[in-house]
Amino acid sequence: MSDLNVELPDGSTRAVAAGSTALDLAASIGPRLAKDAVAARVNDHLSDLTTTLRDGERVAIVTPASEDGRDVLRHSTAHVMAQAVTRLWPGAHYAIGPAIKDGFYYDFELPDGAHFSDDDLAKVDAEMRAIIAEDQPFARSEYSIDEALSIFKDQPFKIEIIEAVARGGSAADLAETGGDSLISTYTNSPTFVDLCRGPHVPRTSRLGHFQLTRVAGAYWRGDEKNPQLQRIYGTAWESKDALAAHLHQLEEAEARDHRKLGHELDLFSFPSEIGPGLALFHPRGGLIRRILEEYSRQRHEVSGYEFVNTPHISKAELFQTSGHLTWYAESMYPPMVLDDDQRYYLKPMNCPFHVLIYKSRPRSYRELPLRLFEFGSVYRYELSGVVQGLTRVRGMTQDDAHIFCTREQMAGELERTINFVLDLLRDFGLNEFYLELSTRPLAKSVGEDAEWEEAEATLTEVASKVGLDLELDVGGGAFYGPKISVQARDAIGRTHQLSTVQLDFQQPKNFDATYVAPDNTRTRPIMIHRALFGSVERFMAILIEHYAGNLPTWLCPEQVRVLGVRNDHDDYAYDVAALLKAQGVRTSVEEATEPLGSRIRKAKLEKIPYVVVVGNEDVEQGTLGINARGSNDPERGVTIGTFLERLRDEITAHASPEVPAWR
RNA sequence: GCCUGGGUAGCUCAGUCGGUAGAGCAACGCAUUCGUAAUGCGUAGGUCAGGAGUUCGAAUCUCCUCCCAGGCUCCA
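About the cut-offs
- Per-chain numbering applies: the sequence of each chain, read as written, is numbered from 1 onward.
- For naming, the first written chain is A and the first written ligand is 1, with later ones following in the order written.
- The model is predicted, so local features are restricted to residues of pLDDT at least 70 and side-chain atom pairs to those at 80 or more, both for listing and for counting; the totals for chains, interfaces and linings are taken over all residues.
- Just so you know, side-chain values use all the structure's heavy atoms and leave hydrogens and water out.
- Note on method: axes are straight lines fitted to C-alpha atoms, helices fitted across the in-contact stretch only, with angles between N-to-C directions ranging 0 to 180 degrees.
- Secondary structure follows DSSP: runs of H or I at least 4 residues long count as helices, runs of E at least 2 residues long count as strands, and numbering of each begins at the N terminus.
- When an angle is under 35 degrees it counts as roughly parallel; over 145 it counts as roughly antiparallel; between 65 and 115 it counts as roughly perpendicular; any other value is oblique.
- In this scheme the crossing of two helices becomes right-handed for a clockwise turn of the near helix relative to the far one and left-handed for an anticlockwise turn of less than a right angle.
- Contacts were defined at the residue level, with two residues in contact if any of their heavy atoms lie within 4.5 Å.
- Asp, Glu, Lys and Arg are counted as charged, while Ala, Val, Leu, Ile, Met, Phe, Trp, Tyr, Cys and Pro are counted as nonpolar; the rest, among them Gly, fall into the polar class.
- The rule for a residue being near a molecule or strand is that one of its heavy atoms must lie within 4 Å of it.
- In the analysis that follows, any N or O atom pair within 3.5 Å is treated as a polar contact, provided that within protein one partner can donate a hydrogen and the other can accept it, and provided that, for residues neighboring in sequence, both atoms belong to side chains.
- Put simply, a nonpolar core is a bunch of buried Ala, Val, Leu, Ile, Met, Phe, Trp, Tyr and Cys residues held in one set by side-chain atoms that sit within 4.5 Å of each other.
- A simple rule labels every residue: compare its accessible area, found with a 1.4 Å probe on the protein chains alone, to the largest value its type can have, and call it buried under 20%, exposed over 50%, or partly exposed in between.
- Note on pairing: two strands pair once DSSP finds at least 2 bridges between them.
- Note on ring pairs: Phe, Tyr and Trp rings are taken, using the six-membered ring of Trp, and paired if centres are within 6.5 Å. Classes follow the plane angle, with under 30 degrees stacked, over 60 edge-to-face and the rest tilted.

1. Brief notes about the packing of helix 14 (residues 407-427) against helix 15 (residues 449-466)
Point 1. It is the contact of helix 14 with helix 15, at a shortest axis distance of 10 Å, that shows an interaxial angle of 45 degrees. Overall, the two elements helix 14 and helix 15 adopt an arrangement that is oblique. In this structure, the crossing between helix 14 and helix 15 has a hand that is right-handed. On the side of helix 14, the interface is formed by R407, M410, A411, L414, E415, I418, N419 and L422, while helix 15 contributes E454, T458, L459, V462, K465 and V466.
Point 2. A class-by-class count of the residues in the contact of helix 14 with helix 15 yields eight nonpolar, two polar and four charged.

2. Digging into the protein's contact with RNA strand B
Point 1. Around RNA strand B sit 58 residues in total, of which R214, Q228, R566, R601 and N627 are the nearest.
Point 2. A share of 56% is what sugar and phosphate atoms reach among the atoms of RNA strand B within 4 Å of the protein.
Point 3. Within the backbone of N616, a nitrogen or oxygen atom sits 2.9 Å from a base oxygen of RNA strand B.
Point 4. Here a base oxygen of RNA strand B sits 2.9 Å away from a polar atom, N or O, in the main chain of E617.
Point 5. For the surface near RNA strand B, the elements supplying multiple residues, two or more each, are strand 12 (210-219), strand 13 (228-236), helix 9 (258-264), helix 12 (324-328), helix 19 (596-605) and helix 20 (616-621).
Point 6. For the surface near RNA strand B, the leading source of residues is helix 19, giving seven residues.

3. Digging into the nonpolar core
Point 1. Core analysis: the biggest nonpolar cluster contains 57 residues, and L292, F428 and F539 have the highest contact counts within it.
Point 2. Setting aside residues no more than four positions away along its own chain, F428 makes contact with L292, Y295, F533, F539, L543, Y547, W554 and L555.
Point 3. Counting residues in hydrophobic clusters, the runner-up holds 48 residues, among them V124, I132, V165 and A236.

4. Quick word on the packing of helix 10 (residues 283-302) against helix 14
Point 1. In the contact formed by helix 10 and helix 14, the axes pass within 12 Å of each other and the chain directions differ by 145 degrees. Crossing of helix 10 against helix 14: the hand is right-handed. For the pair formed by helix 10 and helix 14, the contact residues are Y295, R299 and H300 on the first element and F420, D423, L424 and D427 on the second.
Point 2. Across the contact of helix 10 with helix 14, the residue classes tally to three nonpolar, one polar and three charged.

5. Let's talk about helix 17 (residues 536-546)
Point 1. Burial runs high along helix 17: 11 of the 11 residues are buried.
Point 2. The complete set of buried residues in helix 17 reads V536, E537, R538, F539, M540, A541, I542, L543, I544, E545 and H546.
Point 3. Just downstream of helix 17, A548 is the residue with a positive phi angle, here 50 degrees.

6. Details of the pairing of strand 21 (residues 395-405)
Point 1. Among the 11 residues that make up strand 21, 11 are buried, leaving the element largely enclosed by the rest of the structure.
Point 2. Along strand 21, one buried face is formed by G395, T397, D399, A401, I403 and C405 and the opposite face, lined by M396, Q398, D400, H402 and F404, is buried too.
Point 3. Across 10 bridges, the pairing between strand 20 (residues 370-379) and strand 21 is antiparallel. Within the sheet, the bridge partner assigned to S377 lies in strand 21 and is T397.
Point 4. With seven bridges connecting them, strand 21 and strand 28 (residues 526-535) associate as antiparallel partners. If you follow H402 over to strand 28, its bridge partner there is H529.

7. Examining the packing of aromatic side chains
In this description, an aromatic ring pair is defined by two values, namely the gap between the centres and the angle between the planes.
Point 1. Considering all chains together, one arrives at 26 aromatic pairs under this definition.
Point 2. For the ring pair Y305 and F420, a centre distance of 5.9 Å and an interplane angle of 25 degrees mean the geometry is stacked. Remark: F420 occurs in helix 14 and Y305 occurs in the loop between helix 10 and strand 16 (306-307); sequence separation between them is 115 residues. Neither residue differs from the other here; Y305 and F420 are each classed as buried.
Point 3. With a centroid separation of 6.2 Å and 70 degrees between ring planes, the pair formed by F319 and F353 is classed as edge-to-face. In this pair, F319 is assigned in helix 11 (residues 316-322) and F353 in helix 13 (residues 351-358), connecting sequence segments 34 residues apart.
Point 4. Owing to a relative accessible area of 0%, F319 belongs among the buried residues under this scheme.

Nothing here speaks to function; it is all geometry.
Written out as structure tokens, the structure reads:
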């Protein structure tokens, strides 16, 4: 029997007997690997372990504790779920069920229009575990289009996919089926076969570390014009520990939820009387917000911005000229109609107003770049189902600026702006970034191709100069121009789109904005839209979650709380507080009407950076007992001068009392 | 907007078969004065999200509306 050689991931080659499968290869490397293996990557293509190897192929054995491995587990678990659902709901139609980040889902259409309820998750879970216990195989087969149509004759969604493939198919459909004229399927049992490209684990017994998480409605093929299917989401991992770690991560995210913390820390609320997506900021939330805004204003002033103010409503004419009524009327609050039929709209953005300020008199090239900044409150009629806490609201305040510059200044201004953004975000403790370039949305955009190309090229060039990774978001730009957005990673690894910088050739044209160039011609300026926080509300939400409510000292509404041990220490406590307040430290006193332990607990729950306790010793010696947030060891006998110095350094450095866990 | 699940005291929640609304925490009062994450006793607190219906009787059953959560779609 002649051997064949395959190349392993470490670059070495290995000889195996002709006709060997990927599993045989794994076994030849080691029994442990053969036991662990779930699939193989052959020439960069994920395949089943039963795949027969050919001479010269590059082969990597895929084990569960890898990205590929988890995808295979998740995808296989989705199939098990589909089988469970068809067992429990005979006649159910199953649509698609891919692996996704951290898990999987599968879409179904239940008989007689039935819906899943939360209680059904437990039933499906139990059935899935039964299937896993049966140790069914995942047996791959390939069929012609006609054979496949016959096998899936009772499954309309599968038929639709097969027919789409027969017509040439979309990439997504081809991915479901194997990608060429043959249709591949996986059979688990005589009663369950699914259309699938694979690969899958060899047997269902390899699965089991999963949890079904939620039921949801989802449109067939993601199109809201299509019927809505019933989706079940689950998470699946290679081991019990990995599953537990993931569930713990979810709990951590929940504990940090800004909606929960915002309520607990008395920062803001959303009374139902006002309506969805409209927040009230309470004194403490308002104070954080004021600090954010004042710091931002100060930085903008130094950076050459000028401050403007504009009204919240405008006649329709403004938004007709800007193009927003043409493109985005459905996302604007409906107009207020006056007696003389004049229509007024709440502003969904600030840019048209800033253009009018620009246009209020003739401009010279000597004035450019002109940078107009405003904390502008805008209102957008978001669909009721999408509003969420402070991150997706109907009324928000953007830290919005528009830079008017010449074409020659454009690249320089963009680079300057992105560096300014990153610098400001770092001051708030965000340190990990990448950039995303959003290009022309073909269905919804205006302007000439050449302009878009130039704009996109300029943004790409500027991005590369900044030295951060650049990802492409095809078609994600605004209707008037492409944008670069700064994506920031938070303390638990989630990424958030923060700042956006957009190039706009259209608005200056729509409003006929010009400047007088050195050669005395009237020339069109370029407009750069940019918001660094995005919205103040959303930025606050992200900071709250990033810090799990433990904001750096400079941002805390209350920085120090002073507690006397007994009533007769209260006077000294007030003296200490007065001293700190005189130095601009936000300080309060809670008198000794409750036991010390209880008052400390309350202050700790409020996440106040420093709880200062003063008793006899301190009164006598003029010292303090300091409890830093995040520490369980009180420091006794600290002098007021030392404490003040430490506070001042920390506030200047935008630091926290505790050592941040994410560094 | 669509799907699923929710809304009971300021908060977290219980409330059985349709039969006069419950607890803990918080608040308030009194007592307590204590050196590091919950002192004791007491008081008050409710149109059970809102509206309509069924019923002798509705937190509980039906319908409508509002709001919230998780998804889908959307996100200038």
